[in-house]
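One-letter residues, chain by chain:
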Amino acid sequence: LKLLRQLDAMGGSTLVGTLKQIVRTEGLAGLWRGNVANVARAFPQKGVLLMSSDIFRELVTPMCAAIVWLPTAAALGGALAGATSV
């Protein structure tokens, strides 16, 4: 959809017009074209992010309890996991 809107290849001048044109030419399945590749790319990445978030949260929990001004262990663990997943 993004590419079609950028190229204006479908002739729809609006978002709704482009969506209607896709459904008219390709059916409802055309709206999901390319989604398998996005899911295949995102699935392992989110799995590693979740796993590393849990690991970092366990590592920083004692530190967060000892130092009052640190954020909660969940927030700090999520921030560290996000920084390492990039």
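Here, residues in each chain are numbered from 1, in the same order as that chain's written sequence. With the structure being a predicted model, the display of local features is reserved for residues of pLDDT at least 70 and the display and counting of side-chain atom pairs for 80 or more, all residues being used for whole-chain, interface and lining totals. As a rule here, side-chain values come from all non-hydrogen atoms in the structure, and water together with hydrogens is ignored.

**Student:** Now, about the overall build of the protein: what can you tell me, with residues and values included?
**Tutor:** Note on conventions: DSSP H or I runs of at least 4 residues are helices, E runs of at least 2 residues are strands, and numbering of each starts at the N terminus. Looking only at helices and strands, the protein features 4 helices and 0 strands. Each helix and strand of the protein, placed in order from N terminus to C terminus, yields the pattern α-α-α-α. Two residues qualify as a contact provided that any one of their heavy atoms is within 4.5 Å of a heavy atom in the partner residue. Within the protein, contacts between residues at least 6 apart in sequence are counted, and of these 22% link residues at least 24 apart. Working note: accessible area of the protein is about 6500 Å², and carbon and sulfur atoms make up 68% of it. Accessible areas in this description were obtained via Shrake-Rupley with a 1.4 Å probe; residue shielding takes into account the shown protein chains only.

**Student:** Give me the lowdown on the pattern of salt bridges, citing residues and values where you can.
**Tutor:** If the charged atoms of two oppositely charged side chains come close together, the side chains can form a pair. By definition, a salt bridge exists where a carboxyl oxygen of Asp or Glu is found within 4 Å of a side-chain nitrogen of Lys or Arg. Following the criterion strictly, the structure yields 2 salt bridges and no others. In this structure, Glu-26 engages Arg-33 in a salt bridge whose closest nitrogen and oxygen atoms are separated by 2.9 Å. Any residue under 20% of the maximum accessible area for its type is buried, any over 50% is exposed, and the rest in between are partly exposed; the area is computed with a 1.4 Å probe on protein chains only. With relative accessibility at 58%, the residue Arg-33 sits in the exposed group. Measuring nitrogen to oxygen at the nearest pair gives 3.3 Å for the salt bridge that ties Arg-57 to Asp-54. One end of the pair, Arg-57, and the other, Asp-54, are both in helix α3 (residues 35–66), 3 residues apart, so they sit about a helical turn from each other. Taking relative accessible area as the criterion, Arg-57 reaches 34% and is therefore assigned partly exposed.

**Student:** Summarise helix α2 (residues 15–26); cite the residues concerned and give the values.
**Tutor:** How far a helix is expected to stretch is found by multiplying one less than its residue total by 1.5 Å. An ideal rise of 1.5 Å per residue puts 16 Å on 12 residues; α2 measures up with 16 Å between its terminal C-alpha atoms. Immediately downstream of α2, the backbone of Gly-27 shows phi near 85°, a positive value.

**Student:** Describe in detail a nonpolar patch on the surface, supporting the description with residues and values.
**Tutor:** Surface patches are defined over residues having more than 30% relative accessible area and no salt bridge, joining like charges when they lie within 9 Å and nonpolar side chains (Val, Leu, Ile, Met, Phe, Trp, Tyr) when within 5 Å. A cluster of nonpolar side chains, contributed by Leu-15, Leu-19, Val-23, Leu-28, Leu-31 and Trp-32, occupies part of the molecular surface with about 580 Å² of accessible area. Relative to the helices and strands, Leu-31 resides in the loop between α2 and α3.

**Student:** Could you give me a rundown of α3, with the residues and numbers involved?
**Tutor:** With 32 residues, α3 ought to run about 46 Å at 1.5 Å a step, and its terminal C-alpha atoms sit 45 Å apart, in line with that. What we call the bend at a residue is the angle made by axes fitted to the seven residues finishing there and the seven residues starting there. Of all the bends in α3, the greatest reaches close to 40° and is centred on Val-60; the proline Pro-62 follows between one and four positions later. Burial in α3 covers these residues: Ser-52, Ser-53, Val-60 and Cys-64. Buried residues along α3 sit in contact with α4 (73–85).

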